[in-house]
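Each chain, letter by letter, is given below.
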Amino acid sequence: AASMARWLPWLGLALLPLAVSPAAAPGGCPSACYCVATPELVQCRYERLEEPPRELPVTVHNLSITGSNLSVLHRAAFAARPLPDLRLLRLRHDNIQTIEDMALQGLTALRTLDLSHNPLLSVAAGAFAGVPLLHTLQLNQALLAAPLEEQLALALRNLSLRRLELAGNALWALPVTLLPAGLEELDLRNNSLQRLTGPELRSLEASGLQGLRLTLGANPLSCDCALRPFLTWLRAATARVPDARSLRCAGPPPLRGATLLRLRPEGLVCTAGEGGEPGQLETASYVFFGIVLALIGIVFLMVLYLNRRGIKRWLHNLREACRDQMEGYHYRYEQDADPRRTSAVGTP
């Protein structure tokens, strides 16, 4: 007990940096945030901030603002105090709807920006200007409120991104316009992709994207004949899809849950009812078959019409022949039934 009492003061001193109030943290920590151990990591969680804190430590490296109501990132939103060492900016669940031009002005060392879980409605063409070192952009579940592909394409055109995260955005197709040359990683997990089409696959072989790696897990892949180009590409480029071995079919029902790489392209059949191209092809084939049958029927009716006199004559002759035959049978029956002829035949 005596030794424990001797160590308690030292334990209290060791925990003091983590227990001090935010305002007392070295370097000046914002009143609504916490500086973890040192001011290099600042966290502002669920404080309902309407703008970024202005009294951030100059030495901050990682800044995380979560659960606030920033709504609009105005021009130079983080320029109240120079932040020359800020490398990671995480703005999750902050109800950000609009990002104005030069919103990140002054963050010259920023390398990673996380805007996930925000209902983005508008992104200015110069929203990411002034961050020349930005190489990772996370937009997971941030493109659900409005179609922003054209706006983002303009905003990303001058960046040298290496990693782009677009998970959980209900994307139906590969966002080709958002893929800058030199991109190395693209996260498309948990979207609505049923396949990658031929033109999309060709775009992945374009100059500057030949080394791009895709993650495609948790997408409802439709394993029908329209998937053949993608499956052929995937077999030849498995190294470019890190989660390729875990990809599974979401349909059709006979293949639901099947591992994609265990299937063969020639074994994928076109089926109706999946709502995609195979169903349309089969419907078109049925329509074509019906048209052919209708044409055959019309031709047959025209032949009958053009030969109506000959057919009528043939039917008349057939009727006369049948009548003569029936009269012959009737005459023989009367001869056989005549009692005089019967008695004459029976008399010796």
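First, a word on what this report is: a plain description of the structure on this page. (Residues numbered from 1 in each chain as written. Predicted model: local features only at pLDDT ≥ 70, side-chain atom pairs only at ≥ 80, totals over all residues. Heavy atoms only, no water.)

### A few points about the nonpolar core
Among the nonpolar cores identified, the biggest contains 77 residues, and Phe78, Phe128, Leu186 and Leu260 are the most heavily contacted of them. Contributing elements (two or more residues each) for this core: strand S2 (41-45), strand S3 (62-66), strand S5 (88-92), helix H2 (149-156) and helix H4 (228-236). Formed jointly, this core draws a minimum of three residues from each of two domains, domain 1 (30-134) and domain 2 (162-271). (Core = buried A, V, L, I, M, F, W, Y, C linked by side-chain atoms within 4.5 Å. Buried < 20%, exposed > 50% of the residue type's maximum accessible area, 1.4 Å probe, protein only. Helix = DSSP H or I, 4+ residues; strand = E, 2+ residues; numbered from the N terminus. Domains from an automatic or database assignment.)

### What to know about the side chain of asparagine 191
One can find asparagine 191 in the loop between strand S11 (185-187) and helix H3 (198-203). Take asparagine 191: its relative accessible area is 6%, and that puts it in the buried class. A polar atom in the side chain of asparagine 191 sits 3.1 Å from the backbone oxygen of leucine 166. Engagement of the side chain of asparagine 191 in a polar contact is seen with the backbone nitrogen of asparagine 169, the distance being 2.9 Å. Ignoring sequence-local partners within four residues, the contact set of asparagine 191 consists of Leu166, Ala167, Gly168, Asn169, Ala170, Leu171, Ala218, Asn219 and Pro220. (Polar contact = N/O pair within 3.5 Å; in protein donor to acceptor, adjacent residues only side chain to side chain. Contact = heavy atoms within 4.5 Å.)

### Some details on the sheet that holds S11
With mixed pairing, nine strands are arranged side by side in an open sheet as S1-S2-S3-S5-S7-S9-S10-S11-S12. Each end of this open sheet is capped by a strand with a single partner; those strands are strand S1 (34-35) and strand S12 (213-215). As defined by bridge partners, S3 adjoins S5 across five bridges and the pair is classed as parallel. The residue of S5 that forms the bridge with asparagine 62 is leucine 88. (Pairing = 2+ DSSP bridges.)

### Here's the deal with a nonpolar patch on the surface
Taken together, Phe300, Leu301, Leu304, Ile311, Trp314, Leu315 and Leu318 make up a surface patch of nonpolar side chains, about 700 Å² in accessible area. Of all the elements in the fold, those that place two or more residues in the nonpolar patch are helix H5 (277-306) and helix H6 (308-337). Here the nonpolar patch takes four residues from H6, the largest share from any one element. On the secondary structure map, leucine 315 appears in helix H6. Residue class for leucine 315 comes out partly exposed when judged on its relative accessible area of 46%. (Patch = residues over 30% accessible without salt bridge, like charges linked within 9 Å, V, L, I, M, F, W, Y side chains within 5 Å. Areas by Shrake-Rupley, 256 points an atom, 1.4 Å probe, with all protein chains shown as cover. Salt bridge = Lys/Arg side-chain N within 4 Å of Asp/Glu carboxyl O.)

### Thoughts on empty space enclosed by the protein
Here the idea is plain: a probe the size of a water molecule rolls over the atoms and shows the empty space left. Tallying each qualifying case throughout the model produces one cavity of 30 Å³ or more. What the largest cavity holds in volume is close to 30 Å³. Of the residues that constitute the lining of the largest cavity, the class distribution is five nonpolar, no polar and two charged. (1 Å grid on protein atoms, 1.4 Å probe; cavity = no way out; pocket = protein on both sides within 12 Å on 5 of 7 lines; lining within 4 Å. Points joined across faces, edges and corners; volume = space filled by probe spheres on them. Nonpolar A, V, L, I, M, F, W, Y, C, P; charged D, E, K, R; others polar.)

### Let's talk about the pairing of S2
Here S2 shows a buried face lined by Val42 and Cys44 and an unburied face lined by Leu41, Gln43 and Arg45. Two elements, S2 and S3, share five bridges in a ladder whose sense is parallel. If you follow valine 42 over to S3, its bridge partner there is leucine 63.

### Digging into the pattern of salt bridges
As enumerated under the stated definition, the model contains 11 salt bridges in all. One salt bridge connects glutamate 185 with arginine 213, and the closest N-O pair in it is separated by 3.6 Å. Of the two residues, glutamate 185 is situated in strand S11 and arginine 213 in strand S12; the sequence distance between them amounts to 28 residues. A relative accessible area of 27% means that glutamate 185 is categorised as partly exposed. Across the pair arginine 240 and glutamate 205 runs a salt bridge, and its minimum N-O distance is 3.0 Å. A residue pair is termed long-range when its members are at least 10 positions apart, and arginine 240 in the loop between H4 and strand S14 (249-251) and glutamate 205 in the loop between H3 and S12 qualify at 35 residues. You can call glutamate 205 partly exposed: its relative accessible area is 37%. Here the residues in one salt-bridge network are Arg163, Glu165, Glu185 and Arg213, joined through shared partners.

From the geometry alone we can't say anything about function, so treat these as descriptive.
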